[in-house]
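One-letter residues, chain by chain:
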Amino acid sequence: MAMVALLRHFGCICCWEFASALKEVKPRFDAAGVKLIAVGVGTTDRAHILAGRLPFPLDCLYADPDRKAYDALDLYYGIGRTFFNPASLKVFSRSESLKKVFKNYTISATPDDKSSVLQQGGMLVFKGRELLYARKDEGTGDHAPLDEILDICYKAPVA
């Protein structure tokens, strides 16, 4: 099984927060036999910034500088989704976890192509080639609930 978290971009503070949460639950995914994969918009050097400063396991982190996966999955993109979607307000309820990651955060991980900051993320869970879960983030900081993802992973029958 594999869980693929598509982060917005490597310079997004909300993505640093989500990556931190993913790192914290990684042992539970490992115990369920689920490979954690996180993908972010940006180059590998920007991925290394997030991995080194957060820290986050580099072997679980992939870079998509041209947003090819995001385009193929038709994930949301644009100013409205990034700044004005009601789902983006969820981030204000997580001020403590944002403060925690802000200590090591740097905006220097932001992609050179500034239009990339308008990309939204998503979540996929696979069992082999079978898609068990798919979700598009509605707005900035609107991430899939990890308890729900873990529940899906634990309930998936073993082949």
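Along each chain, the written sequence defines residue order, and numbers are assigned to residues from 1. Side-chain atom pairs in this predicted model are given and counted only at pLDDT of 80 or more, local residue features only at pLDDT of at least 70, and totals for whole chains, interfaces and linings cover all residues. Neither water nor hydrogens contribute to the side-chain values; these are computed over all heavy atoms in the structure.

### Concerning the nonpolar core
The nonpolar core is taken to be a set of buried Ala, Val, Leu, Ile, Met, Phe, Trp, Tyr and Cys residues, with the residues joined through side-chain atoms within 4.5 Å. For every residue, the accessible area obtained with a 1.4 Å probe (protein chains only) is divided by the maximum for its type, and the residue is called buried under 20%, exposed over 50%, and partly exposed between those limits. Grouped together as the largest cluster of nonpolar side chains are 36 residues, with contacts concentrated most on Met-3, Phe-56, Met-123 and Ile-149. Helical segments are the DSSP runs of H or I of at least four residues, strand segments are the runs of E of at least two, and each set is numbered from the N terminus. Within the residue set of this core, elements represented by two or more residues are β1 (2–9), α1 (13–31), β2 (35–41), α2 (44–53), α5 (95–102), β4 (122–127) and α6 (146–155). Leu-6, Val-39, Tyr-70 and Leu-124 belong to the second largest nonpolar core, which has nine residues in total.

### Topic: the pattern of salt bridges
Counted as salt bridges are all cases of a side-chain nitrogen of Lys or Arg within 4 Å of a carboxyl oxygen of Asp or Glu. What the rule picks out here adds up to 13 salt bridges. Salt-bridge contacts for Arg-46 lead to Asp-45; the nearest nitrogen and oxygen are separated by 3.6 Å. Given a relative accessible area of 13%, Arg-46 falls into the buried group. One salt bridge in this structure joins Lys-90 and Asp-142, with 2.6 Å as the shortest N-O distance. Here Lys-90 is found in the loop between α4 (79–84) and α5, whereas its partner Asp-142 is found in the loop between β5 (130–136) and α6, with 52 residues between them in sequence. Through salt bridges with shared partners, a single network forms among Lys-90, Arg-135, Asp-137 and Asp-142.

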